[in-house]
Amino acid sequence: MRRSSSILTRLLGAAAGLALAVVGAVAVAAPAQAATLTQVTAFGSNPGNLAMYAYRPDGLPANSPAVVLLHGCTQNASGYFANSGWQKYADQWKFALIVAQQPSGNNANSCFNFFEAGDTTRGQGEALSIKQMVDHAKTNYGVNGSRVYVSGLSAGGAMSAVMLATYPDVFAAGSIIAGIPYRCATSMVNAFSCMNPGADKTPDAWGDLVRGAYSGYTGPRPRVAIWHGTSDTTVTPLNGTESRDQWTNVRGVSQTPTSTSSLPGNTSLEVYGNDDVRLYRISGMGHGTPVDPGSAAEQCGTAGAYFLDTICSTYRDALFFGLNGGGTNPTPTPTATPTPTPTATPTTPPTCVTASNYAHVAAGRAYQSGGYAYANGSNQRMGLYNTFYTSALKQTGPNHWVVGC
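Read on for a plain summary of the structure. Just so it is clear, the model here is predicted, and its values are computed rather than measured.

## So, the nonpolar core
And then number 1: Counting 59 residues, the largest nonpolar core has Phe 114, Phe 171 and Trp 247 as its most contacted members.
And then number 2: With eight residues, helix H5 (residues 155–166) is the single largest residue contributor to this core.
And then number 3: Contacts of Phe 171, omitting those with residues within four sequence positions, involve Val 68, Val 134, Val 148, Tyr 149, Val 150, Met 163, Leu 164 and Pro 222.
And then number 4: If you look at the next biggest cluster of nonpolar residues, it comprises 40 residues, including Ala 173, Trp 227, Leu 263 and Phe 320.

## Here we look at the environment of Asn 63
And then number 1: Considering the arrangement of structural elements, one finds Asn 63 in the loop between strand E2 (51–55) and strand E3 (66–70).
And then number 2: With 83 residues separating them along the chain, Asn 63 and Ser 146 place their C-alpha atoms 9.5 Å apart.
And then number 3: When near neighbours in sequence (up to four residues on either side) are disregarded, Asn 63 contacts Gly 142 and Asn 144.

## With respect to the packing of aromatic side chains
And then number 1: Within the structure shown, the criterion is met by 12 aromatic pairs.
And then number 2: Centroid distance Tyr 89 to Tyr 315: 5.7 Å. Interplanar angle 45°. Geometry classified as tilted. Here Tyr 315 lies in helix H9 (residues 313–321) and Tyr 89 lies in helix H3 (residues 86–93), a separation of 226 residues in the sequence.
And then number 3: The class of Tyr 89 is buried, set by a relative accessible area of 0%.
And then number 4: Taking relative accessible area as the criterion, Tyr 315 reaches 4% and is therefore assigned buried.
And then number 5: With a centroid separation of 3.6 Å and 0° between ring planes, the pair formed by Trp 227 and Tyr 280 is classed as stacked.

## Let's talk about the pattern of salt bridges
Close approach of charged atoms lets side chains of opposite charge pair.
And then number 1: Taken as a whole and judged by the stated rule, the model has 10 salt bridges.
And then number 2: Among the ionic pairs, Arg 281 bridges to Glu 270, the shortest N-O distance being 2.7 Å. Of this pair, Arg 281 sits in strand E10 (residues 277–282) while Glu 270 sits in strand E9 (residues 267–272), and the two are 11 residues apart along the sequence.
And then number 3: Residue classification places Glu 270 among the buried positions, given a relative accessible area of 13%.

## As for the state of the cysteines
And then number 1: Summed over all chains, the structure comprises three disulfides.
And then number 2: Across the disulfide from Cys 184 sits Cys 194; the S-S distance is 2.2 Å. One disulfide, between Cys 184 and Cys 194, carries an S-S torsion of -100° and so falls in the left-handed class. Of this pair, Cys 184 sits in the loop between strand E6 (173–177) and helix H6 (190–195) while Cys 194 sits in helix H6, and the two are 10 residues apart along the sequence. As far as the burial class goes, Cys 184 and Cys 194 line up, both buried.
And then number 3: Two residues share a disulfide in this structure: Cys 300 and Cys 312, whose sulfurs sit 2.0 Å from each other. The sign of the 105° torsion about the S-S bond sets the Cys 300-Cys 312 disulfide as right-handed. Remark: Cys 312 occurs in the loop between strand E12 (307–309) and H9 and Cys 300 occurs in the loop between strand E11 (289–291) and E12; sequence separation between them is 12 residues.
And then number 4: By relative accessible area, Cys 300 is classed as buried at 2%.
And then number 5: Judged by its relative accessible area of 1%, Cys 312 is buried.

Conventions we followed
- Position numbers for residues count from 1 along each chain, tracking the sequence in the order it is written.
- With the structure being a predicted model, the display of local features is reserved for residues of pLDDT at least 70 and the display and counting of side-chain atom pairs for 80 or more, all residues being used for whole-chain, interface and lining totals.
- Side-chain measures here rest on the full set of heavy atoms in the structure, leaving out hydrogens and waters.
- Nine residue types can take part in a nonpolar core, namely buried Ala, Val, Leu, Ile, Met, Phe, Trp, Tyr and Cys, and a core is a set of them joined through side-chain atoms within 4.5 Å.
- Relative accessibility under 20% of the residue-type maximum defines a buried residue, over 50% an exposed one, and the middle range a partly exposed one, all with a 1.4 Å probe and only protein chains included.
- Helix and strand definitions follow DSSP, with helices as H or I runs of at least four residues and strands as E runs of at least two, each counted in order from the N terminus.
- Here, two residues are considered to be in contact whenever any of their heavy atoms come within 4.5 Å of each other.
- The pairing test for Phe, Tyr and Trp rings, Trp by its six-membered ring, is centres within 6.5 Å, and the orientation test on the planes gives stacked under 30 degrees, edge-to-face over 60, and tilted for anything in between.
- What counts as a salt bridge is simple: a side-chain nitrogen of Lys or Arg found within 4 Å of a carboxyl oxygen of Asp or Glu.
- Only a pair of cysteine sulfur atoms within 2.5 Å counts as a disulfide in this structure description.

The structure is reproduced here in structure tokens:
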């Protein structure tokens, strides 16, 4: 069994923020479904020595999507599954969850080894183990191979970037929460300088690192959502901006947003290209996965250590991935040859409008009920119905609007 050096043990132990300790057992209500998170013991050669867990909601139809979840340091599969809110939407919209788990034998604090070349290279180590989990799900669960996604927090967020870079032929989109750009860190020592203060590279330089992860690949590249708290001192907010630069360059779109909007939980959303890349900045939030406990459609998760009560990132990511019954999931645009100053030129861009909720209702894009505004067609709640609360709405069909552009 592979073990990290004692140096890594001491360093990661000192990084209290990144070592995302789950303090105590968080009590959660038992799901109404009979389905449970179940360990899968044989899913391939597993060169990275990871554990695989799977969740298949009752009534999961054939050809369903799947989301791979990657926990943070000292977390585990069951804790991340229970508290992140993904089970709610898997049950509601019928998609499978694949939850990878890092044993302490691989890393003293159970961090995915996002800084080790042998684990972040296509066809090797932990990256290959996670890809084999997806292969197992496609073969045994009937998962739709064109609708597989990945999301992770911190070290798991950095590993999410690894999977998007090394396996663009496997993942249609992904979410990087409080992570770092792909191949910023190439050793256990510079992992910490990448986390804080971070590294500043040009978009072309960042993009070249991703393109080098699968040399010669000319197919479509994944769409990417990036989440970062503005008060994160463990993985500094610069990493969110640099990740934005990396993935906009890979997708071949400008680093200037095509739209901006305000969301609940002191969250701002910047959209790049034709919804190629999203950057969510949560004002005042520290290091963790954004959740918003509650029973409303857009609420999810359990607040606790490194699950921070701000906004339900899982709900927004599920919509971005197009998991809400088809939803919005534009086909990725091939971007084999980037240019120094790329621009987005979609042929038929969807109508996208950023305005106050009052203006949306007045224009017939939304309706109001009980003091809140709701998007026509999707019925997604936009926030308070007034002239001060601003939302971005995208038209996906006749009188059908969704939140976010």
